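Structural description and commentary
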Amino acid sequence: MRLSSLFASPLTCLFISAYVFSPSANAQDRTTEQGEAQISDPNVECTPYQYPPVTNAENNFPSSWTVATIISGDSEAQGKYQDIESLIPNIPPKGTQPDSLVGDWGDFTYDPSDPDCWWTFAKCTTPKIPDIPDDVADLPEASPDTFGYGFDDGPNCSHNAFYDYLLSQDQKATMFYIGSNVMDWPLEAQRGLADGHEICVHTWSHRYMTSLTNYEAFAELWYTMQMIKLVVGVTPTCWRPPFGDVDDRIRAIADALGLTTIMWQYDSNDWRVGSGNVSEADIDANYMDLITAAENGTFSTSGTIMLTHELNNFTMSEAAKFYDQLASAFSYLVPVGVALNVTAPYVEDGYTLPSFAEYISGTHTGSVTGSADGSSYGSGTGGNASSGNSTIASKSGTTKVSLSHVGSFASVILIAGIRLVL
């Protein structure tokens, strides 16, 4: 299986202009979130910079974009793994590395009855093993015609134009951040929280999780949680498996770390543009399928979730292109946590999301002070319980925004087909 980079070839640009709010900071300030958010040139945005808290701690984390494993001498990680090891089902990794890391399962055979609730095989979201929580794939608790709005693979180094667009719409979303991207682009990660978005985990190196050993799967989640805590100041309690590749073994590890598994019902396939025969028109059609379903009353009893990405110029531009139609087709566009009434989305006290009722009444930003004593996704065992140090920044001033030069993903995303031999 060959690896493919979604930033290797240029993508068609969509021009979008909107009035948005932006911070009053020097456009070349690479030391603060507010300054970084002011930069409009994607070439500057995607020029690497040093962020001392990350630089000083880099030996405590895996190298970026490598399969994570527990760092030698990391007694906290080792102790946590030992605490949860007995909770991990005896399910072997699927396939053979390195091919399986990118979803090439080779001659791997799997029981057609799907004993492991392997999503990649059967789209299973209800675990076969007792006491493992179901995946969140739809939104039955939310009001009808609700869309759980979110994006994978951030933070993208050039996402300022897209985040500015979301600000202009007063739209919050759930952002599934890759640990290696947070390490490489920490100020961009801080903007997610500063703008009032919900932050979730999307693993350290974006590999197929069921291909990993228990140690590796643990480390992929653990170090992403710890990097988000270091950079953003909060420890998430939600995650999404890359490519949706999860089974009951991986679910059990995530659950033991206090992470709820968030999946989807609809797939935009926006990340596939430029690979194989997938065209931009195909992605337009996928968006329209969802919009048509909403207009036809498909979600009149339960809300839904669609897989979309903060991956490159095309995926972010596509999201903005269809935003108005989604907002018209659905009664409510809200972060997944809001749809589930998760008012305490992080381990740390003092960070809250609005409830669903509050959000649809106009309160789109949660609190960053006081005690976060609302409901949460999970048990909150996966990080330090100290207070975070990020704040929701206010934006002042107006500027024109164009997505015409939003860059592509800063690092390689692995694209793989799946082949099962039964």
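Within each chain, residue numbers correspond to sequence positions counted from 1 in written order. Since the coordinates come from a predicted model, pLDDT governs what is reported: local features require at least 70, and pairs of side-chain atoms require 80 or more to be given and counted, while whole-chain, interface and lining totals use all residues. Hydrogen atoms and water are omitted, and side-chain values are computed over all heavy atoms in the structure.

This part is about the overall build of the protein chain. Looking only at helices and strands, the protein chain has 15 helices and 12 strands in total. To sort residues, take the accessible area from a 1.4 Å probe on protein chains only and compare it with the maximum for the residue type: under 20% means buried, over 50% means exposed, and anything in between is partly exposed. Here the protein chain, with 422 residues, has 58% of them falling under the buried criterion. Sequence-distant contacts, at least 24 apart, represent 77% of the contacts inside the protein chain between residues at least 6 apart. With the model as given, the accessible surface of the protein chain reaches about 15,800 Å², and the carbon-plus-sulfur share is 48%. Secondary structure follows DSSP: runs of H or I at least 4 residues long count as helices, runs of E at least 2 residues long count as strands, and numbering of each begins at the N terminus. Any two residues having at least one pair of non-hydrogen atoms within 4.5 Å are treated as being in contact. Computed by Shrake-Rupley with a 1.4 Å probe, the accessible areas treat only the displayed protein chains as cover when residues are assessed.

This part is about the pattern of salt bridges. Here, a salt bridge means any side-chain nitrogen of Lys or Arg that lies within 4 Å of a carboxyl oxygen of Asp or Glu. For the structure shown, the criterion picks out 11 salt bridges. With a closest N to O distance of 2.6 Å, D247 and K94 form a salt bridge. Linking D247 in the loop between β7 (238-239) and α10 (248-256) with K94 in the loop between α4 (75-84) and α5 (119-122), this pair joins segments that are 153 residues apart in sequence. For the pair D247 and K94, a shared accessibility class is recorded, and that class is buried. Between K128 and D114 there is a salt bridge; the shortest N-O distance is 4.0 Å. Of the two residues, K128 sits in the loop between α5 and β2 (138-139) while D114 sits in the loop between α4 and α5, which places them 14 residues apart along the sequence. Given the relative accessible area of 5%, D114 is considered buried. Overlapping salt bridges, with partners in common, bring together K94, D116 and D247 in one network.

Turning next to empty space enclosed by the protein. For cavity detection a 1 Å grid was placed over the protein atoms alone, and a set of points counts as a cavity when a 1.4 Å probe fits there but cannot get out; an open set counts as a pocket when protein lies on both sides within 12 Å along at least five of seven lines, with lining residues being those that have an atom within 4 Å of a point. Grid points are joined across faces, edges and corners, and a volume is the space filled by probe spheres set on the points. Under the definition given, this model contains two cavities of 30 Å³ or more. Roughly 40 Å³ of internal volume is contained in the second largest cavity. Residue lining of the second largest cavity: F147, Y149, F151, Y287, M306, T308, A319 and L326, and that is the complete set. For the lining of the second largest cavity, the residue count by class is seven nonpolar, one polar and no charged. Just so you know the grouping, Ala, Val, Leu, Ile, Met, Phe, Trp, Tyr, Cys and Pro go in nonpolar, Asp, Glu, Lys and Arg go in charged, and all remaining residues, Gly too, go in polar.

Turning next to the confidence of the model for the protein chain. Interpreting fine coordinate detail is not advised for predicted regions of low pLDDT. pLDDT runs from 0 to 100 and stands for how confident the predictor is about each residue. Across the protein chain, pLDDT averages 85, with 81% of residues at or above 70. Per-residue pLDDT stays below 50 along residues 378-402; that stretch engages in 84 contacts with residues further than four places along the chain or on separate chains. Predicted confidence for residues 404-422 stays below pLDDT 50, and this span has 85 contacts to residues more than four positions away or in other chains.

Stacked, tilted and edge-to-face are the three classes assigned to paired rings of Phe, Tyr and Trp, where Trp is represented by its six-membered ring and a pair needs centres within 6.5 Å; plane angles under 30 degrees give stacked, over 60 edge-to-face, the rest tilted. In this structure the tally under the stated criterion is 28 aromatic pairs. Plain terms: the ring middles of F61 and Y223 are 6.0 Å apart, the flat faces sit at 70 degrees to each other, and that makes the pair edge-to-face. Here F61, found in the loop between α3 (52-57) and α4, pairs with Y223, found in helix α9 (residues 214-232); they are 162 residues apart in sequence, far enough to count as distant. Take Y223: its relative accessible area is 1%, and that puts it in the buried class.

If you look at the biggest cluster of nonpolar residues, it comprises 97 residues, and the most contacted ones within it are Y149, F218, L221, W239, L326 and F330. Examining the composition of this core, we find that 11 residues originate from one element, α9, more than from any other. Counting seven residues, the second largest nonpolar core, distinct from the first, contains W105, W118, Y208 and F243. Residues enter a nonpolar core if they are buried and are Ala, Val, Leu, Ile, Met, Phe, Trp, Tyr or Cys, with the set joined through side-chain atoms within 4.5 Å.

Note on geometry: axes are lines fitted to C-alpha atoms, helical ones only across the stretch in contact, with angles between N-to-C directions running from 0 to 180 degrees. Across the interface, α9 lies against α10 with an axial gap of 10 Å and an inter-helix angle of 45 degrees. Our classification of the angle between α9 and α10 gives oblique. Considering the relative orientation of α9 and α10, their crossing is right-handed. Contact with α9, carried on its side by N214, A217, F218 and L221, involves R249, I250, I253 and A254 of α10 and no other residues of that element. Among the residues forming the contact of α9 with α10, the class breakdown is six nonpolar, one polar and one charged. Note on angle classes: values under 35 degrees are labelled roughly parallel, values over 145 roughly antiparallel, values of 65 to 115 roughly perpendicular, and the remainder oblique. Crossings are assigned a handedness: left-handed for a near helix turned anticlockwise from the far helix by less than a right angle, right-handed for a clockwise turn.

In this structure, T203 sits in the loop between β6 (198-201) and α9. At 3.2 Å, the side chain of T203 forms a polar contact with the backbone nitrogen of H206. Counting of polar contacts relies on pairs of N or O atoms within 3.5 Å, with two restrictions inside protein: one atom must be capable of donating a hydrogen and the other of accepting it, and residues adjacent in sequence are counted only when both atoms are side-chain atoms.

For the rest of this paragraph, the subject is the pairing of strand β4 (residues 150-154). Counting buried residues in β4 gives five out of five residues, a clear majority hidden from the surface. Bridging between β4 and strand β5 (residues 174-177) involves four bridges; their strand directions are parallel. Following the sheet pairing, G150 is matched in β5 by T174. Strand pairing is assigned whenever DSSP detects at least two bridges linking the two strands.

Our next topic: the state of the cysteines. Two cysteine sulfurs form what is called a disulfide whenever their separation falls within 2.5 Å. For the structure shown, the criterion picks out three disulfides. The disulfide bridge from C46 ends at C157, spanning 1.9 Å between sulfur atoms. Disulfide C46-C157: the torsion about the S-S bond is 85 degrees, which places it as right-handed. Residue C46 is located in the loop between α2 (42-45) and α3, and its partner C157 is located in the loop between β4 and α6 (160-168); the two are separated by 111 residues in the primary sequence. Classification of C46 as partly exposed rests on a relative accessible area of 24%. In this model C200 forms its disulfide with C238; the gap between the sulfur atoms is 1.9 Å. Handedness here is read from the sign of the S-S torsion; for C200 and C238, about -80 degrees, the answer is left-handed. Here C200 is found in strand β6, whereas its partner C238 is found in strand β7, with 38 residues between them in sequence. Exposure remark for C200: the relative accessible area of 0% places this residue in the buried category. Disulfide partners in the protein chain, listed by the sequence order of the bonded cysteines, are 1-4, 2-3, 5-6.

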